[in-house]
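These are the residues of each chain, in order.
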Amino acid sequence: MIGHDFEKIQFDIWGFHFLEPNAMIGDALLFICSLIISNKISNLESQHAFHKNWRRFYLIFGFSFLLGGFGHFFYHYLGLWGKYPSWILSMLSTYFLGLAQISLWPNLRQQQLFKKAAMLLLLLGVAIELIVFNTMDLNIDQSRGLAVPSIISGIGMIFALFFLGLYYHKKYHPNFMYFWIAVLTLFPSAIIQSQKINLAPWFDRNDLSHVLLFICLILYWKGIQAFKHLNSLKDASI
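For the structure given in this document, a descriptive report is provided here. All figures in this text were calculated on a predicted structure; none of them were measured in a lab.

Rules and cut-offs
Residues numbered from 1 in each chain as written. Predicted model: local features only at pLDDT ≥ 70, side-chain atom pairs only at ≥ 80, totals over all residues. Heavy atoms only, no water. Helix = DSSP H or I, 4+ residues; strand = E, 2+ residues; numbered from the N terminus. Rg over C-alpha atoms; globule rule 2.2 N^0.38 Å. Buried < 20%, exposed > 50% of the residue type's maximum accessible area, 1.4 Å probe, protein only. Areas by Shrake-Rupley, 256 points an atom, 1.4 Å probe, with all protein chains shown as cover. Patch = residues over 30% accessible without salt bridge, like charges linked within 9 Å, V, L, I, M, F, W, Y side chains within 5 Å. Salt bridge = Lys/Arg side-chain N within 4 Å of Asp/Glu carboxyl O. Phe/Tyr/Trp six-rings, centres within 6.5 Å; stacked < 30°, edge-to-face > 60°. Disulfide = S-S within 2.5 Å. Expected span 1.5 Å × (residues − 1). Contact = heavy atoms within 4.5 Å.

Once that is clear, we can look at the overall build of the protein chain. Along its length, the protein chain carries 8 helices and 2 strands. In the protein chain, the order of α-helices and β-strands from amino to carboxyl end is β-β-α-α-α-α-α-α-α-α. Over its C-alpha trace the protein chain gives a radius of gyration of 19 Å, about what one expects of a compact globule, namely 18 Å for 238 residues. Taken along its principal axes, the extent of the C-alpha atoms in the protein chain is 60 × 35 × 30 Å. Within the span of the protein chain, comprising 238 residues, buried residues form 45% of the whole. Counting only carbon and sulfur atoms, one obtains 68% of the accessible surface of the protein chain, whose full area is about 12,600 Å².

The next point concerns a nonpolar patch on the surface. Taken together, the side chains of I13, W14, F16, L67, F70, Y77 and L78 make up a nonpolar region of the molecular surface, amounting to roughly 740 Å² of accessible area. When residues of the nonpolar patch are traced back to their parent elements, those giving at least two are helix 2 (49–73) and helix 3 (75–78). Its place among the elements puts F16 in strand 2 (residues 16–19). According to the relative accessible area criterion, F16 is partly exposed, its value standing at 45%.

Below, the discussion takes up the packing of aromatic side chains. Aromatic ring pairs are described here by two measures, namely the spacing of the ring centres and the angle between the planes. Applying the stated rule across the entire model yields 25 aromatic pairs. Measuring from ring centre to ring centre gives 5.4 Å for W54 and Y220, while their planes differ by 40°; the resulting arrangement is tilted. In this pair, W54 is assigned in helix 2 and Y220 in helix 8 (residues 205–224), connecting sequence segments 166 residues apart. There is no split in this pair, since W54 and Y220 are both buried.

Take the state of the cysteines next. Going through the model one piece at a time under the given rule, you end up with 0 disulfides. C216 provides the cysteine sulfur closest to C33, a residue in no disulfide bond, and the two sulfurs are 11 Å apart. Residue classification places C33 among the buried residues on the basis of a relative accessible area of 8%.

With that settled, the discussion passes to helix 6 (residues 143–171). With 29 residues, helix 6 extends 39 Å from end C-alpha to end C-alpha; this agrees with the ideal 42 Å at 1.5 Å per step. By the burial criterion, the buried members of helix 6 are G145, V148, P149, I152, S153, G156, M157, A160, L161, L164, G165 and Y168.

In this section: the environment of N139. Following the sequence through the fold, N139 ends up in the loop between helix 5 (108–135) and helix 6. Of the residues examined, N139 reaches a relative accessible area of 55% and is grouped as exposed. N139 sits 50 residues away from L89 along the chain, and the two C-alpha atoms are 21 Å apart. Beyond its immediate stretch of four places on either side in the chain, N139 contacts Y75 and L80.

Right, dumping it as structure tokens:
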């Protein structure tokens, strides 16, 4: 179905009414994948800001989707309040992703400017999202609440993964290409969501986007592994 959504899957267990189990499963898988890769980064025993912030990204990203899954599954009990935390955390995870990528920038003065810009983008996104929460009736259209973190995260990822990824690919090592490839991999998600491309009731547009996100998490990890080739960089922390 294109242009419209299927009716959401609902079911009852022991008198409790649950919604969208497919979304809960997809979000849980993203959470598990994030924890596994976060643990792999910890095992590297590196104190460099690149590794520290990528680990923070995976942890926060994973929990944002776990909470998002609960927001879908327990919607009849939590309402929109069940979705707010995941929307905020998604912007925070992008912030740490940005810090990780910025930590490899060779010019320290410019690096500090990039960090301040990343913080400003995060604060702007959170502020606008809080305004949306308090001024708009999201029961009518929840996409308004999701639009802000989508735009903020999109801006941060395009800069940190695509532009910096291309630069590091040329300057440091070919394996940094996985970062900008991940952005291109995720780009179809915007089309899937905006055009409401649903393959089946049990595999809708959100589930299809989850598959792309899962692939991107793996691509990020492959890009992170390129760091081992940068012997000239000294360990530093944020």
